[in-house]
Amino acid sequence: MTRGHRFHVDQHGHSVSVQLGRRSAGIEVLVDGKVVAYRPGRAKGVTILAAELPEEPPRPFRILVEDMGGTPFCVMDTAGSTFLMPQVPLTSRHESPPRLTSSDPVRRLRRILRRIRITHHGPHGA
């Protein structure tokens, strides 16, 4: 049984990590080592968490997590840029993160993001 997954990226001078526990555990978003967003459990489909980078003014971002057939992937959406966050090992063993074998999950995520932007900002981005 897996212990969980961890994704990490350095963004705008801050360390951003996402930790996924077992399916019954929660999802944590950490910025510079501090928990800034949490969701208990993992829902089916896409889970979206909103947080901010500690700047003046604060810089909002979203984390999207989806489990694609047992392999979760994590995306960061900030200031109009959306990108996959690399998975990092939870153990001391040096392993390379699993690679996506198809671009289908990325295409699916882009469609989801377009729907979310239209829903939240109206059809013309207002």
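Now for a description of the structure that goes with this document. (Residues numbered from 1 in each chain as written. Predicted model: local features only at pLDDT ≥ 70, side-chain atom pairs only at ≥ 80, totals over all residues. Heavy atoms only, no water.)

1. Points about the overall build of the protein chain
Worth spelling out the cut-off: Put simply, DSSP marks the helices as runs of H or I at least four residues long and the strands as runs of E at least two long, and each gets a number from the N terminus on. Contact definition: two residues touch when any of their heavy atoms are within 4.5 Å. In short, Shrake-Rupley with a 1.4 Å probe defines the accessible areas, and a residue's cover is counted only from the protein chains shown.
Scanning the protein chain from terminus to terminus reveals one helix and nine strands. Counted from the first residue to the last, the protein chain has its helices and strands arranged as β-β-β-β-β-β-β-β-β-α. Expressed as a percentage of contacts within the protein chain between residues at least 6 apart in sequence, the contacts between residues at least 24 apart total 32%. When the accessible area of the protein chain is evaluated, it comes to approximately 8,000 Å², of which 53% is carbon and sulfur surface.

2. Topic: the side chain of glutamate 55
Here glutamate 55 shows up in the loop between strand 5 (46-53) and strand 6 (59-68). Beyond its immediate chain neighbours, meaning those up to four positions away, glutamate 55 contacts His12 and His14.

3. Section: the sheet that holds strand 2 (residues 14-20)
The following threshold applies: Any two strands with at least two DSSP-identified bridges between them are counted as paired.
Strand order in the open sheet formed by five strands is 4-3-2-1-9, and the pairing between neighbours is antiparallel. Unpaired on one side and paired on the other, strand 4 (34-39) and strand 9 (87-88) mark the two borders of the sheet. Here seven bridges tie strand 1 (residues 5-11) to strand 2, and the two strands are oriented antiparallel to one another. Looking at strand 2, one finds that phenylalanine 7 is bridged to valine 18.

4. Section: the nonpolar core
Our working definition: As used in this record, nonpolar core signifies buried Ala, Val, Leu, Ile, Met, Phe, Trp, Tyr and Cys residues forming a set joined through side-chain atoms within 4.5 Å. Partly exposed describes any residue whose relative accessible area lies between the buried limit of under 20% and the exposed limit of over 50%, with all areas from a 1.4 Å probe on protein chains only and scaled to the type maximum.
With 18 residues, the main nonpolar core has Val16, Val18, Phe61, Ile63 and Met85 as its most contacted residues. Secondary structure elements with two or more residues in this core: strand 1, strand 2, strand 3 (27-31), strand 5, strand 6 and strand 7 (71-78). Apart from the residues lying within four places of it in its own chain, the contact partners of isoleucine 63 are Val18, Val29, Thr47, Ile48, Leu49, Cys74, Val75, Met76 and Met85. Grouped together as the second largest cluster of nonpolar side chains are five residues, Leu64, Phe73, Leu109 and Leu113 included.

5. Section: the sheet that holds strand 7
Note the following rule: Only C-alpha atoms enter the line fits that serve as axes; for helices the fit covers just the stretch in contact. Angles between N-to-C directions range over 0 to 180 degrees.
Sheet architecture is open: four strands sit in the order 5-6-7-8, paired in antiparallel fashion. Every interior strand has two partners, whereas the edge strands, strand 5 and strand 8 (81-84), have only one. Adjacent strand axes in the sheet meet at a mean angle of 20° when their direction is disregarded. Summarising the sheet, strand 6 and strand 7 pair through seven bridges and their orientation is antiparallel.

6. Quick look at the pairing of strand 5
The two faces of strand 5 differ: Thr47, Leu49, Ala51 and Leu53 on one face are buried, but Val46, Ile48, Ala50 and Glu52 on the other face are not. The pairing of strand 5 with strand 6 spans eight bridges and is antiparallel. Of the residues in strand 6, the one forming a bridge with valine 46 is glutamate 66. What sits between strand 5 and strand 6 in their antiparallel hairpin is a turn of five residues.

7. Quick notes on the pairing of strand 1
Residues His5, Phe7, Val9 and Gln11 of strand 1 are buried on one face, while the alternating residues Arg6, His8 and Asp10, pointing to the opposite face, are not. In this structure, the hairpin formed by strand 1 and strand 2 is closed by a connection of two residues, where histidine 12 is found at a positive phi of approximately 55°.

8. Quick look at the pattern of salt bridges
For clarity, the cut-off: In what follows, salt bridge is the name for a side-chain nitrogen of Lys or Arg lying within 4 Å of a carboxyl oxygen of Asp or Glu.
This structure, assessed with the given rule, holds two salt bridges. The shortest N-O distance in the salt bridge between arginine 59 and glutamate 55 comes to 3.0 Å. Ionic pairing is found between arginine 62 and aspartate 77, a salt bridge with its closest N-O pair at 2.6 Å. Remark: aspartate 77 occurs in strand 7 and arginine 62 occurs in strand 6; sequence separation between them is 15 residues. Judged by its relative accessible area of 17%, arginine 62 falls in the buried class.

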